[in-house]
Amino acid sequence: MSSVRVATANLLHGRSLVDGLVDPARMTSAITELGADVVALQEVDRNQTRSGDIDQTATIAAAFAGEGEGHVSYRFVPAIIGEPGGSWIAAGPADPLSGHDLASTDGLPAAYGIGLITRLPVEAWHVVRLPAAPVKSPIMIPGSRRLMLLPDEPRVAVIAVLPEGVAPFRTVATTHLSFVPGWNVRQLRTLLHAVDALPGPRLILGDLNLPARVVRVVASTHRRSRTWTALASVATYPGPEPRVQFDHILADPSLEVVSPATAVAMAISDHRALVVDLATP
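Residues numbered from 1 in each chain as written. Predicted model: local features only at pLDDT ≥ 70, side-chain atom pairs only at ≥ 80, totals over all residues. Heavy atoms only, no water.

What follows deals with unusual backbone geometry. G200 connects to P201 through a cis peptide bond whose omega is 0°. The omega torsion of the bond from Y237 to P238 falls at -10°, within 30 degrees of zero and hence cis. Position of P238 relative to the elements: it lies in the loop between β12 (229-230) and β13 (247-251). With a phi close to 60°, D53 is a non-glycine residue in the positive phi region. You can see D53 is positioned in the loop between β2 (38-46) and α2 (56-66). Phi at N209 takes a positive value of approximately 50°, unusual for a residue other than glycine. (Helix = DSSP H or I, 4+ residues; strand = E, 2+ residues; numbered from the N terminus.)

This next bit is on the pairing of strand β15 (residues 273-279). Buried residues dominate β15, accounting for seven of its seven residues. Pairing of strand β1 (residues 3-10) with β15, which is carried by six bridges, proceeds in the antiparallel orientation. Residue pairing across strands places T8 opposite L274, the latter belonging to β15. Two strands pair when backbone bridges link them, and strand β14 (residues 262-264) and β15 are joined in this way by three bridges, in the antiparallel orientation. Bridge assignment links A263 to a residue of β15, and that residue is L274. (Buried < 20%, exposed > 50% of the residue type's maximum accessible area, 1.4 Å probe, protein only. Pairing = 2+ DSSP bridges.)

Take the pattern of salt bridges next. This model, assessed by the stated rule, comprises six salt bridges. Here D19 ties to R26 by a salt bridge, and the two come within 3.0 Å at their closest N and O atoms. One salt bridge in this structure joins D152 and R155, with 3.4 Å as the shortest N-O distance. R155 matches D152 in its accessibility class, with the two residues each being buried. (Salt bridge = Lys/Arg side-chain N within 4 Å of Asp/Glu carboxyl O.)

Okay, the environment of A235 next. In this structure, A235 sits in the loop between β12 and β13. A sequence separation of 12 residues divides A235 from D247, and the C-alpha atoms of the two residues are 8.2 Å apart. Sequence-distant contacts of A235, that is, excluding residues within four places in its chain, are made with P242, R243, V244, Q245 and A263. (Contact = heavy atoms within 4.5 Å.)

The mixed open sheet is built from six strands, whose spatial order is β6-β9-β10-β11-β13-β12. With partners counted over all chains shown, the strands left at the sheet margins are β6 (124-130) and β12, one partner each. By the bridge criterion, seven bridges tie β6 to strand β9 (residues 155-161) in an arrangement that is antiparallel. Counted as the bridge partner of V127 is V158 from β9.

This part is about the packing of aromatic side chains. Counted under the stated rule, the structure contains one aromatic pair. Centre to centre, the rings of Y237 and F246 are 5.5 Å apart; their planes meet at 40°, and the pair counts as tilted. Since its relative accessible area comes to 14%, Y237 is described here as buried. (Phe/Tyr/Trp six-rings, centres within 6.5 Å; stacked < 30°, edge-to-face > 60°.)

On to helix α3 (residues 183-196). For α3, spanning 14 residues, the distance from its first C-alpha to its last is 20 Å, which sits close to the expected 20 Å at 1.5 Å a residue. Every buried residue belonging to α3 is among W183, N184, V185, Q187, L188, L191, L192, V195 and D196, and all of these are buried. Of the surrounding secondary structure, the elements contacted by the buried residues of α3 are β6, β9, β10 (171-176), β11 (202-207), α4 (212-220) and β13. (Expected span 1.5 Å × (residues − 1).)

Okay, structure coming up:
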């Protein structure tokens with residue numbers, strides 16, 4: 001049976017928990033080794049000092065393009081302009097979207113957000129902005145057991161609509177939701193409604209900052225007329241010894257999985273990547 005592989009990976013801006021360094025080559029290898037036709041990326045930098053002043057999505061996409069023949073489409077969409085944890089403003093429609101035909105992003109401001117890369121042709125791109133929660137919430141510092149009370153950041157989703165017949169799905173989206181309990185559920189419902197309006201079958205990948213049981217309830221009760229299915233049930237966080245699933249793949253019930261989803265350890269990040277193969281009719 002032929003299949004299309006999709007994956008989602010929280011990059012932690014390419015940082016390794018082993019040595020604390022960001023190595024673009026190590027980051028690129030970690031993602032290309034997943035062997036995905038579509039890969040969703042979260043916690044992605046563009047032109048940030050901490051990650052070598054590169055466009056991380058463009059760097060990974062260039063490696064995808066160099067692996068074989070055919071066009072690679074991608075988009076980086078910022079959630080914030082500026083430095084995470086430092087000085088920043090919410091990104092908006094005026095910020096240029098990176099990723100048109102592997103174009104250079106030199107001169108664009110430092111930003112932080114999400115990316116989507118696909119070896120499949122893309123018919124249209126869409127962006128959904130998800131405002132920040134109005135309250136602070138505790139979050140665990142990566143690589144430690146300490147909690148810090150942090151203000152929320154705005155979130156964003158990027159959606160690709162594919163031509164009919166090139167994959168078992170027509171629409172694929174990715175996002176990285178808020179860590180604020182309840183607010184992330186609200187954001188997920190907003191995204192489900194937005195994707196519902198686009199051609200099916202549909203697929204959502206990303207770090208939802210929600211445990212599996214909550215995601216399943218939200219997905220299965222989204223609409224009485226049509227529900228979503230969680231395609232993966234495997235722990236993805238923390239990366240070295242996963243105990244909870246924060247990374248998810250939601251799909252129309254019509255999509256068929258070839259084999260159970262797997263959580264893949266990476267040389268970067270505090271998450272494992274989530275990978276699943278979808279049957280091609």
